[in-house]
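What follows is each chain in one-letter form.
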There are 2 protein chains.
Amino acid sequence: MRDALVAAAFQLFLERGYEQTTIDDIVALAGVGRRSFFRYFPSKEDVVFPDHERCLADMTAFLASGGDEHEPVQRVCDAARLVLRMYNENPTFSVQRYRLTKKVPGLRAYELSVVWRYERALADYLRGRFAGRPDGTLQADVIAAAVVAAHNNALRSWLRSDGQRDAATEVDHALGYVQSAFGNPPAPAAVQVQQQPEDVVVVVSRRDAPLWRVVQEIESALGRD
Amino acid sequence: MRDALVAAAFQLFLERGYEQTTIDDIVALAGVGRRSFFRYFPSKEDVVFPDHERCLADMTAFLASGGDEHEPVQRVCDAARLVLRMYNENPTFSVQRYRLTKKVPGLRAYELSVVWRYERALADYLRGRFAGRPDGTLQADVIAAAVVAAHNNALRSWLRSDGQRDAATEVDHALGYVQSAFGNPPAPAAVQVQQQPEDVVVVVSRRDAPLWRVVQEIESALGRD
């Protein structure tokens, strides 16, 4: 019944416009009563974004399930990918909704509040992980905002392509930019070598470090000597 | 008259609560007519944030006035400082409003839409400055979001201190974190060499890249051959 309500609502939104459609119109088309509508959706706005509550719950559970073995920035990027997956489950619906949201200011405001909740979920997780750092809350807030902005940049670019481009590739690329900026904070060590996922080696070195020292670190990172 | 309306509105918001105060109550206390209220403010929400339109206009003008001589990330950080200055012009009022906004969900939603407009102003400027870059819009959106998040983290921490801490110092510190992360954006190469602030060299390499290739990249990054 929930799906039938969403389908009826979108049929009417596309035919008549969002503002011109009432909840009575939606329940009439879906063949159910008003109380059924409100059992699933608190308001007309909510039927436009029927899956965000579930996705927010999934994201929170995903973040809570991780331990110290997960690199924190990587983990929030993976959490953001859950939102993409939700959009990608039904590209036609997502593209229709994108066009609708752009036209209706009230839906833009609703969307901002949803985006804010995702951002807070990511920031709260990072605040926990960064609890011991001097600027932990600052770093958590900034990285969460950057992850959300990167994800949404890629998501919008995919939606503007009418779902034609590959959503996962676009989002991976965008999140890669955030990870390159924040994934490896320049630590004060003279020479520091870390292993990254996907078989990449990252070397961070002071510019004035002797070359032999840098090479030595790379060799030991690569397991060659 | 505008200031008198703001003063009357806040006196009533603090005495009775925001929801319990009508526009009629505000104009009665200020001793003016309803039309005078609507000449200055489109709605009751707007009287809570009387200076954002001016500040947004100031920010846009500031960004438009700069040329290529300004480093782009530095420039958007300086633009964000204009918002801080507005809050800092009247700390008592800003702290009162902060407490009010936290309690009233409708005002939180209004604030999110204002924050979004600031973020768009910064992102639009950066998109112009990064127009030639392959990932220009992505980088612009991410950096704008990071600047806004850093600014707001510091602003909230100042507001929570009841305006006791030094706002400019807090915001400078927060924006410094963003500048350290994005002062020199990365390029997308297989073997990729970047120069970071603080004279650090970052080399990202596939794990299976031949060692000579990695060393060659480091040498050219360090300017040694």
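Nothing here was measured: the structure is a model prediction, and the numbers come from that model.

Engineer: Tell me about the overall build of chain A, and name the residues and values.
Structural biologist: When helices and strands are counted, chain A shows 11 helices and two strands. Listing the helices and strands of chain A from first to last along the sequence gives α-α-α-α-α-α-α-α-α-α-β-β-α. Out of the 225 residues in chain A, the part that is buried amounts to 50%. At a minimum sequence separation of 6, the contacts of chain A that also span at least 24 residues come to 59%. Total accessible area computed for chain A in this model is approximately 10,800 Å², and 49% of it derives from carbon and sulfur atoms.

Engineer: Tell me about the nonpolar core, and please be specific about residues and values.
Structural biologist: Ranked by size, the top nonpolar core spans 136 residues in total, and within it Phe182(A) and Phe182(B) carry the most contacts. For Phe182(B), the contacting residues outside a window of four places in its chain are Tyr177(A), Ala181(A), Phe182(A), Val73(B), Val142(B), Ile143(B) and Ala146(B).

Engineer: Outline helix α9 (residues 136-160) of chain A, listing residues and values.
Structural biologist: All names here are of chain A. Helix length check: α9 (25 residues) gives 36 Å between terminal C-alpha atoms against 36 Å at 1.5 Å per residue, within 8%. Counting buried positions along α9 gives 22 out of 25 residues, so the element sits mostly inside the fold. Asp162, located one to two residues past α9, shows a positive phi value of around 60°.

Engineer: Any chance you could break down the pattern of salt bridges for me, citing the residues and the numbers?
Structural biologist: Counting across every chain of the model gives 29 salt bridges over all chains. Taking the shortest distance from any N to any O, the salt bridge between Glu89(A) and Arg54(A) comes out at 3.5 Å. Placement of Glu89(A) in helix α6 (residues 72-89) and of Arg54(A) in helix α5 (residues 52-65) is noted, with a sequence separation of 35 residues between them. Between Arg54(B) and Asp58(B) there is a salt bridge, and its shortest N-O distance comes to 3.7 Å. Here the residue Arg54(B) and the residue Asp58(B) both occupy positions in helix α5 (residues 52-65), the gap between them amounting to four residues, near one helical turn. What emerges from the salt-bridge pattern is a single network uniting Asp51(A), Arg54(A), Asp58(A) and Glu89(A).

Engineer: Explain the environment of Leu122(A) residue by residue, including any values.
Structural biologist: Residues and elements named next belong to chain A. Relative to the helices and strands, Leu122 resides in helix α8 (residues 105-129). Judged by its relative accessible area of 1%, Leu122 falls in the buried class. Apart from residues lying up to four places away in sequence, Leu122 is in contact with Met59, Leu63, Val76, Ala79, Ala144, Val147 and Val148.

Engineer: So what's going on with the UniProt feature "DNA-binding region" (unreviewed entry) in chain A? Which residues, and what values?
Structural biologist: On the UniProt side, "DNA-binding region" (unreviewed entry) is annotated at positions that read residues 22-41 of chain A here. Helix and strand shares over residues 22-41 of chain A are 75% and 0% respectively, and the end C-alpha atoms of the span are 14 Å apart.

Engineer: Report on helix α7 (residues 91-103) of chain B, specifying residues and quantitative values.
Structural biologist: All names here are of chain B. With 13 residues, α7 extends 19 Å between its outermost C-alpha atoms, agreeing within 8% with the 18 Å of an ideal straight helix rising 1.5 Å per residue. Within α7, the full set of buried residues consists of Phe93, Ser94, Val95, Arg97, Tyr98, Leu100 and Thr101. The inward-facing, buried residues of α7 contact α1 (2-16), α4 (44-48), α6 (72-89), α8 (105-129) and α9 (136-160).

Engineer: Give a description of the confidence of the model for chain A that names residues and reports values.
Structural biologist: Parts of the model with low pLDDT should not have their predicted coordinates read in detail. Residues and elements named next belong to chain A. Confidence in the prediction for chain A averages 85 pLDDT; 81% of positions are at 70 or higher. Ranking the elements of chain A by mean pLDDT puts strand β1 (residues 191-196) last with 45 and α9 first with 97. The low-confidence segment residues 185-198 (pLDDT under 50) makes 28 contacts with residues lying over four places distant or belonging to another chain.

Engineer: Tell me about the side chain of Thr101(B), residues and numbers included.
Structural biologist: Residue and element names in this part refer to chain B. By the element assignment, Thr101 lies in helix α7. What makes Thr101 buried here is its relative accessible area of 3%. Setting aside its immediate chain neighbours within four residues, Thr101 contacts Phe49, Leu107, Arg108 and Glu111.

Engineer: An account of the environment of Arg39(A) is needed here, citing residue identities and associated values.
Structural biologist: Within the secondary structure layout, Arg39(A) lies in helix α3 (residues 34-40). Taking the C-alpha atoms as reference points, Arg39(A) and Arg2(A), 37 residues apart in sequence, are found 9.2 Å from one another.

Quick notes on the rules
Residues numbered from 1 in each chain as written. Chains lettered and ligands numbered in written order. Predicted model: local features only at pLDDT ≥ 70, side-chain atom pairs only at ≥ 80, totals over all residues. Heavy atoms only, no water. Helix = DSSP H or I, 4+ residues; strand = E, 2+ residues; numbered from the N terminus. Buried < 20%, exposed > 50% of the residue type's maximum accessible area, 1.4 Å probe, protein only. Contact = heavy atoms within 4.5 Å. Areas by Shrake-Rupley, 256 points an atom, 1.4 Å probe, with all protein chains shown as cover. Core = buried A, V, L, I, M, F, W, Y, C linked by side-chain atoms within 4.5 Å. Expected span 1.5 Å × (residues − 1). Salt bridge = Lys/Arg side-chain N within 4 Å of Asp/Glu carboxyl O. UniProt positions renumbered as here; feature names shortened; annotations may be inferred. pLDDT = per-residue confidence, 0-100.

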